[in-house]
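Next come the chains, spelled out residue by residue.
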Amino acid sequence: MADSKITRLAMWSGPRNLSSALMRAWENRADTCVVDEPFYASFLSSSLVRHPMQEQVIASQPTSTAEVIRKNLQNELTDGHTIQFQKHMTQHIIGEIDEVWFKSVKHAFLIRHPAEVVASYSSKRESVTSMDIGFFQQKKLYDLAIQHGFKPPIVDAADILKHPKDCLKALCENLGLSFDENMLHWPAGTRDSDGVWAEHWYQNVQHSNGFAPYRKKLVTLSSLEQDVVDECMPIYNELHKQRIIPA
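Read on for an overview of the structure. If you're wondering where the values come from, they're calculated on a predicted model, not measured in any experiment.

### What about the overall build of the chain?
Phase 1: From N to C terminus, the chain includes 13 helices and five strands.
Phase 2: The C-alpha atoms of the chain give a radius of gyration of 17 Å, which matches the 18 Å a tight globule of 247 residues would have.
Phase 3: Projected onto the principal axes, the alpha-carbon positions of the chain cover approximately 50 × 40 × 40 Å.
Phase 4: The burial tally for the chain puts 52% of its 247 residues in the buried class.
Phase 5: Residue pairs at least 24 apart in sequence account for 78% of intrachain contacts in the chain once pairs closer than 6 positions are excluded.
Phase 6: For the chain, the accessible area works out to roughly 12100 Å², and carbon and sulfur atoms hold 51% of it.
Phase 7: Here the chain contributes 26 positive and 30 negative side-chain charges, whose respective centroids are spaced 4 Å apart.

### A few points about the pattern of salt bridges
Phase 1: Tallied over the entire structure, the rule returns 12 salt bridges.
Phase 2: Taking the shortest distance from any N to any O, the salt bridge between aspartate 36 and lysine 87 comes out at 3.3 Å. With aspartate 36 in strand S2 (residues 32-36) and lysine 87 in strand S3 (residues 83-89), this residue pair connects regions lying 51 residues apart in the sequence. Side by side, aspartate 36 and lysine 87 carry an identical accessibility label, which is buried.
Phase 3: Salt bridges sharing common partners tie together Asp36, Glu37 and Lys87.

### Description of the sheet that holds S3
Phase 1: Here five strands make up an open sheet; going across it, the order is S2-S3-S1-S4-S5 and the pairing parallel. Where the open sheet ends on each side, the last strands, each with one partner, are S2 and strand S5 (154-156). On average, each strand axis in the sheet is tilted by 25 degrees relative to the strand beside it, whichever way the strands run.
Phase 2: Inspection of the sheet shows S2 paired to S3 by five bridges, in the parallel sense. For cysteine 33, the partnering residue across the bridge sits in S3 and is glutamine 84.
Phase 3: Strand contacts of helix H1 (residues 19-27): strand S1 (7-13), S2, S3 and strand S4 (106-111), with the helix running at about 175 degrees to S3, the strand carrying the most contacts.
Phase 4: Packing against the sheet, helix H8 (residues 135-147) makes contact with S1, S4 and S5, and its axis sits at approximately 150 degrees to S4.

### Here's the deal with the nonpolar core
Phase 1: Trp12, Leu22, Trp26, Trp101, Ile133 and Leu171 are the most contacted members of the largest nonpolar core, which totals 71 residues.
Phase 2: In terms of residues, this core owes the most to one element, helix H13 (residues 223-241), which gives seven residues.
Phase 3: Setting aside anything within four residues of it in sequence, one finds tryptophan 26 in contact with Leu9, Thr32, Val34, Ile83, Phe85, Leu171, Cys172, Leu175, Leu177 and Met183.

### Notes on the packing of aromatic side chains
Phase 1: All told, the structure shown has nine aromatic pairs when counted by the stated rule.
Phase 2: Measuring from centroid to centroid gives 5.4 Å for phenylalanine 109 and tyrosine 142, while their planes differ by 80 degrees, and the two rings are edge-to-face. Of the two residues, phenylalanine 109 is situated in strand S4 and tyrosine 142 in helix H8; the sequence distance between them amounts to 33 residues. Exposure class is identical for phenylalanine 109 and tyrosine 142. Each is buried.
Phase 3: Measuring from ring centre to ring centre gives 5.1 Å for tryptophan 186 and phenylalanine 211, while their planes differ by 90 degrees; the resulting arrangement is edge-to-face. Residue tryptophan 186 is located in the loop between helix H10 (164-174) and helix H11 (198-201), and its partner phenylalanine 211 is located in the loop between helix H12 (203-206) and H13; the two are separated by 25 residues in the primary sequence. For the pair shown, tryptophan 186 and phenylalanine 211 are each scored as buried.
Phase 4: In textbook terms, an aromatic cluster arises when at least three aromatic residues are bridged by ring pairs, as seen for Trp12, Phe39, Trp101 and Phe102.

Conventions used here
Residues numbered from 1 in each chain as written. Predicted model: local features only at pLDDT ≥ 70, side-chain atom pairs only at ≥ 80, totals over all residues. Heavy atoms only, no water. Helix = DSSP H or I, 4+ residues; strand = E, 2+ residues; numbered from the N terminus. Rg over C-alpha atoms; globule rule 2.2 N^0.38 Å. Buried < 20%, exposed > 50% of the residue type's maximum accessible area, 1.4 Å probe, protein only. Contact = heavy atoms within 4.5 Å. Areas by Shrake-Rupley, 256 points an atom, 1.4 Å probe, with all protein chains shown as cover. Lys, Arg positive; Asp, Glu negative; His and termini not counted. Charge placed at Lys NZ, Arg CZ, Asp CG, Glu CD. Salt bridge = Lys/Arg side-chain N within 4 Å of Asp/Glu carboxyl O. Pairing = 2+ DSSP bridges. Axes fitted to C-alpha atoms, helices over the stretch in contact; angles between N-to-C directions. Core = buried A, V, L, I, M, F, W, Y, C linked by side-chain atoms within 4.5 Å. Phe/Tyr/Trp six-rings, centres within 6.5 Å; stacked < 30°, edge-to-face > 60°.

Right, dumping it as structure tokens:
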């Protein structure tokens, strides 16, 4: 039986989307522990996609969805934690999701303009497709949450960078949680909670100690990359209209 004193929050994002910085913010709360991309190994082991550090990622986590949920997402919390922040990549969900688990947690969604996502993602991999950056999967998961009676809050990465305190306060309030000033700053460095893939993907956040000031990015994209942006824009626009707007 679920502990009514425990809040488990599934934060759904695509890659290159401020998600690791947001994970740092939540982990800096004394009441919160974090889980970093628990379905990554499951995704890699069941798809034809090849990612950097493929073998290390698969070896580092359970590859069975049921085992991931049982061991990492429904486990007992320690050290006095009452919140579990689950950082999920939407593109890691392929096929049907475990709806019993899905209905048991709170949900929130993090979005970022597709052009900025594609530009950042392309700096880490040789090519990018719309499925790589998770917008279609994100919309599917959002719709599923709505079907189950949730109204998940949506936050935009740009809003967080422009108004971190106001945006995080609004997010916490929407989730029925208290805001903690410790979410705004954290010690630089690595974490035991970081996935093994942090070596490839987390250089920026490991050198950070808070949210960087917002700067509008001037991105240059190839025609194929622009096609990916154009494909994802209708979903981004739809979710963006429903986002939390900081006061």
